[in-house]
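Each chain is listed here by its residues.
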Amino acid sequence: MESFTKLTSRVVPIPNESIDTDIIIPARYLKATDKVGMDRFLFRDWRFNEDGTPIPSFILNQPRAEGCKILLAGKNFGTGSSREHAPWALTAFGFRAVISTSFADIFRSNALKNSLLPVVVPADVHEELFKLVEADQKLELTIDLASQILTLPGGKSVSFPIDNFSKQCMLAGVDQLGYIQKQDTHIRAFEASHPAMVVTTAK
Amino acid sequence: MAAPQTLFEKIWNNHLVIEEPDCPVVLYIDLQLIHEVTSPQAFSALRDQGLKVRQPSRTVATADHSIPTHDRTLPIADVMAAKQIKQLDDNCREFGIPLHGLGSPNQGIVHIIGPELGLTQPGMTIVCGDSHTSTHGAFGALAFGIGTTEVEHVLATQCLLQRKPETFEVRIDGVLKPFVTAKDIILALIARIGVGGGVGSVLEYTGSAMRALSMDGRMTVCNMSIEGGAKAGMIAPDDTTIEYMAGREFAPKGAAWDEAVKRWKSLPSDAGAKYDKTITLDASAMEPMITYGTNPGMGIAIGAPVPQLSEMADESSRKALAHALEYMALEPGKPLLGRPVDVVFIGSCTNARISDLREAARVIKGRKVTPTTRVLVVPGSQQVKKQAEAEGLPKIFLDAGCEWREPGCSMCIAMNGDEVPAGKYAVSTSNRNFEGRQGKGSRTFLASPLTAAASAVAGKVADVRQLI
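Everything quoted here is computed from the prediction, not taken from an experiment. (Residues numbered from 1 in each chain as written. Chains lettered and ligands numbered in written order. Predicted model: local features only at pLDDT ≥ 70, side-chain atom pairs only at ≥ 80, totals over all residues. Heavy atoms only, no water.)

A. Structural view of the overall build of chain B. Scanning chain B from N- to C-terminus turns up 16 helices and 19 strands. In terms of C-alpha radius of gyration, chain B reaches 21 Å, essentially the compact-globule figure of 23 Å for 468 residues. Dimensions of chain B along its principal axes, counting C-alpha atoms only, are 55 × 55 × 45 Å. Out of the 468 residues belonging to chain B, those deemed buried represent 66%. In chain B, the proportion of contacts linking residues at least 24 apart, taken out of those at least 6 apart, comes to 76%. With an accessible surface of roughly 15,500 Å², chain B has 53% of that area assigned to carbon and sulfur atoms. The positive charge centre, built from 47 side chains, and the negative charge centre, built from 51, are 3 Å apart in chain B. (Helix = DSSP H or I, 4+ residues; strand = E, 2+ residues; numbered from the N terminus. Rg over C-alpha atoms; globule rule 2.2 N^0.38 Å. Buried < 20%, exposed > 50% of the residue type's maximum accessible area, 1.4 Å probe, protein only. Contact = heavy atoms within 4.5 Å. Areas by Shrake-Rupley, 256 points an atom, 1.4 Å probe, with all protein chains shown as cover. Lys, Arg positive; Asp, Glu negative; His and termini not counted. Charge placed at Lys NZ, Arg CZ, Asp CG, Glu CD.)

B. Structural detail: the overall build of chain A. Helix and strand content of chain A: eight helices and seven strands. Along the longest, intermediate and shortest principal axes, the C-alpha atoms of chain A span 60 × 45 × 25 Å. Counting over 203 residues, chain A shows a buried share of 55%. Taking as baseline every contact in chain A between residues at least 6 positions apart, the subset at least 24 positions apart corresponds to 65%. Here chain A contributes 22 positive and 23 negative side-chain charges, whose respective centroids are spaced 3 Å apart.

C. Main features of unusual backbone geometry. The phi torsion at Asn76(A) lies on the positive side, around 55 degrees, for a residue other than glycine. Tracing the backbone through its elements, the reader meets Asn76(A) in the loop between β2 (70-73) and α3 (85-93). A residue is classified by how much of its surface remains accessible, and Asn76(A), at 7% relative accessible area, is buried. One non-glycine residue, Ala414(B), lies in positive phi territory at about 55 degrees. If you trace the backbone, Ala414(B) turns up in the loop between β17 (403-404) and β18 (425-428).

D. Local environment of the packing of helix α12 (residues 354-364) of chain B against helix α13 (residues 382-390) of chain B. Residue and element names in this part refer to chain B. Running from N to C, α12 and α13 cross one another at 40 degrees; their axes reach a closest spacing of 9 Å. Taken as axis vectors, α12 and α13 run oblique relative to one another. Here the hand of the crossing between α12 and α13 comes out right-handed. Counting all contacts with α12, which are made through Ile354, Leu357 and Arg358, the residues of α13 involved are Val384, Gln387 and Ala388. Its residues assigned to classes, the contact of α12 with α13 comprises four nonpolar, one polar and one charged. (Axes fitted to C-alpha atoms, helices over the stretch in contact; angles between N-to-C directions. Parallel < 35°, antiparallel > 145°, perpendicular 65-115°, else oblique. Left-handed = near helix turned anticlockwise from the far one by under 90°. Nonpolar A, V, L, I, M, F, W, Y, C, P; charged D, E, K, R; others polar.)

E. Region of interest: the state of the cysteines. All names here are of chain B. In total, this model carries zero disulfides over all chains according to the counting rule given. Cysteine Cys159 shares no disulfide, and the gap to the nearest cysteine sulfur, in Cys23, comes to 14 Å. Using a relative accessible area of 0% as the deciding quantity, one classes Cys159 as buried. (Disulfide = S-S within 2.5 Å.)

F. How the structure looks around the nonpolar core. Phe43(A), Leu71(A), Phe77(A), Leu90(A) and Phe107(A) are the most contacted members of the largest nonpolar core, which has 90 residues in total. The residues contacting Phe107(A), other than those within four sequence positions of it, are Ile24(A), Phe77(A), Gly78(A), Ala86(A), Pro87(A), Leu90(A) and Leu116(A). Counting 76 residues, the second-largest nonpolar core is a separate cluster that includes Ile11(B), Val25(B), Trp264(B) and Ala283(B). (Core = buried A, V, L, I, M, F, W, Y, C linked by side-chain atoms within 4.5 Å.)

G. Broad picture of the sheet that holds strand β9 (residues 166-173) of chain B. Residue and element names in this part refer to chain B. In space, the four strands of this open sheet follow the order β11-β10-β9-β12, with parallel pairing throughout. Each edge of the sheet is formed by a strand with only one pairing partner; in this case those strands are β11 (232-234) and β12 (277-282). Across the sheet, the mean angle separating the axes of adjacent strands is 20 degrees when strand polarity is ignored. Here three bridges tie strand β10 (residues 201-206) to β11, and the two strands are oriented parallel to one another. Within β11, the position partnered with Val202 by the bridge is Ala232. Packing of helix α1 (residues 7-14) onto the sheet brings it into contact with β9, β10 and β11, and relative to β11 it is tilted by some 115 degrees. (Pairing = 2+ DSSP bridges.)

H. Quick look at the interface of chain A and chain B. Facing the 62 residues of chain A at the interface are 85 residues of chain B. When the two sides are added together, the surface that chain A and chain B hide from each other amounts to roughly 5,800 Å², 56% of it contributed by carbon and sulfur. When the buried area of chain A at its contact with chain B is split by residue, Lys31(A), Thr33(A) and Met197(A) rank highest and sum to 14% of it. Ionic pairing is found between Lys75(A) and Asp314(B), a salt bridge with its closest N-O pair at 3.0 Å. Remark: the boundary between chain A and chain B carries 36 residue pairs in polar contact (both at pLDDT 80 or more). Listing elements by their share of the side of chain A that touches chain B, those giving two or more residues are α1 (21-24), α2 (44-47), α3, α4 (105-112), α6 (164-172), α7 (177-181) and α8 (184-193) of chain A. By residue number, the principal contributor to the side of chain A that touches chain B is α8(A), which donates six residues. (Buried area = accessible area lost by both parts, 1.4 Å probe. Salt bridge = Lys/Arg side-chain N within 4 Å of Asp/Glu carboxyl O. Polar contact = N/O pair within 3.5 Å; in protein donor to acceptor, adjacent residues only side chain to side chain.)

I. Quick peek at the packing of α12(B) against helix α15 (residues 449-458) of chain B. Residues and elements named next belong to chain B. Contact pair α12 / α15: the axes reach a minimum separation of 8 Å and the direction vectors enclose 30 degrees. In this view, α12 runs roughly parallel relative to α15, as classed from their interaxial angle. Our pair here, α12 against α15, has a crossing hand that is right-handed. Counted together, Asp356, Glu359, Ala360, Val363 and Ile364 of α12 and Pro449, Leu450, Ala453, Ala454 and Val457 of α15 form the full contact between these two elements. Its residues placed into classes, the contact of α12 with α15 shows eight nonpolar, no polar and two charged.

J. Here's a closer look at α13(B). Residue and element names in this part refer to chain B. Taken together, the buried positions of α13 are occupied by Gln382, Val384, Lys385 and Ala388. What you see down the axis of α13 is that its buried residues fit within an arc of 160 degrees, all on one side. Exposed side of α13, more than 90 degrees from the buried face: Lys386 and Ala390 are the residues found there. In this structure, the buried side of α13 is in contact with α4 (110-116), α12, α14 (393-400) and β17. Backbone geometry just after α13 places Gly392 at a positive phi near 75 degrees. (Arc of directions from axis to C-beta.)

K. Structural view of the pairing of strand β8 (residues 159-162) of chain B. Residues and elements named next belong to chain B. With burial as the criterion, each face of β8 is covered, one bearing Cys159 and Leu161 and the other bearing Leu160 and Gln162. Judged from the four bridges that link them, strand β2 (residues 25-28) and β8 form a sheet pairing that is antiparallel. Note that in β8 the partner of Leu27 across the bridge is Leu160.

L. Layout of α8(A). Among the residues making up α8(A), those that are buried are Ile187(A), Phe190(A) and Glu191(A). All buried residues of α8(A) fall inside an arc of 95 degrees around its axis, so they share one side. Of the exposed residues in α8(A), the ones pointing more than 90 degrees away from its buried face are Thr185(A), Arg188(A) and Ala192(A). Of the surrounding secondary structure, the elements contacted by the buried residues of α8(A) are α7 of chain A together with α1, β1 (16-18), β2, α5 (148-157) and β8 of chain B.

Take a look at the structure:
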């Protein structure tokens, strides 16, 4: 996993609330058996016509979206399916952080495992950010993971929550699997004292 | 005396491998279900790291999402789907995982075959790379959807890193009116709490209305817990659960059965156990429900008008409603009842069990579906299909003009070519009405099998009570 420390970037605002995983990446693009090129499918049906031509009014097709690493999304982002293709598509496009008022549980968990930072802000800050970004499209935000601070250009800052374990993994760029593997003695002890309830291989 | 515990807490505590300070807990997983869509990258990651599957015997696979539901003797036309299904075959063979794939008498939607094979049992922790894993909570199991990286974690270690969710009691008392079903209960709940209402929580459904539901109905309710944003939904095991389990292929037998039943009976929440949140609903006040918008929280009673923008609590919700109604090409203030329907889909992990098909058949029997409405009936598994055949249900559907298909996720997720055309309206017994969910540009009304069947006959959104 890529490490995430500090990020300063312009912002793509998509204010729709409860953006679901089928919007982020429609199911028909889930037939891939690898993670290659997922950026092409990001927001596919809002971004492209049936024939594949871009829809100019959609923000990701506008010059202002180029190089943006922060997505400012409407309330309650990532609802719906468990598809990790959603954070794969977002990161492949170049996003490293999504700001919203809340995140669906599975999306949040998936994002954290792909070095995509879910930044939860209070509703009033969320509203203010949309106003600021609309007023100044070149506005840059800074997200510092170590201090858990989101800083606005005027110097105003707001802290955001993240569990310490996920934070340390992201700062160091390490996959969480290693931690579980280190608990092997405990896992063995658990298995020894908890016989399997089902054996799927039994004939 | 130990503090009273909820059903969730008992299962959680019983699966803790280790909990270190400032770290998530390591939770043991009793059963992982695998399907073709969310597993290939996990198996590739194992291969890249030279890892094995730790417990193939606590893992089981099937193919459901991208498989065709027409004649299975033909090769799969979609090259990518065919590749994905072959990869599942190869991965299962290489890593020693039992696969109920195409051609198996046990093939079916992953959340339908787990329970019907008796693999899903009370007190277990169950995961799958699929959000509707919450279905299995109907048995008093802790079951939730995970991403592909977590699928890899469980394959490699049989464990997951987890933070303890909150507990949220959904208490539903009262007796449902005739023709009001489990699907209506869950749509009514989500309309009430919203699609984010359960975020960070595990729901436990309690109350006399839940006790009165069959296992099939309980699975429908738990299945859509995720649509309310919840991590999982659970119902304490009782005699209905135990009766369902008895004799299932993978259910315990003999002395092990007696021990298991004793263990299951100790699972229900203790008297005085505390939940972080509680909500109460009255089943007797519920109506058949239908959704009008682009998330499952946008639901109304079948006869009610689509809400007005002015009824929304804030600007963000007003915009969300306006956007949804534009996509759906619906007007606020007008009822859905009587609106022509192009497609009816009876299927999915929400409503493709035998009792769902029986309910639909009860409405359709002796009638014809409207010729301009395409009606797909897709059983949830080969076992459901076989049972339906034994009861003569396919003939009822076929005589009425419906399509009777092979088991799979089909038009719920529209990955396999079963799609609602752009701009067309579907009444669907599935779980999601998201934009494009049933095909690019598709417009979905979620409802119960009874409402779907009535709408198929009428060719428009219909109230089953006016038909029967």
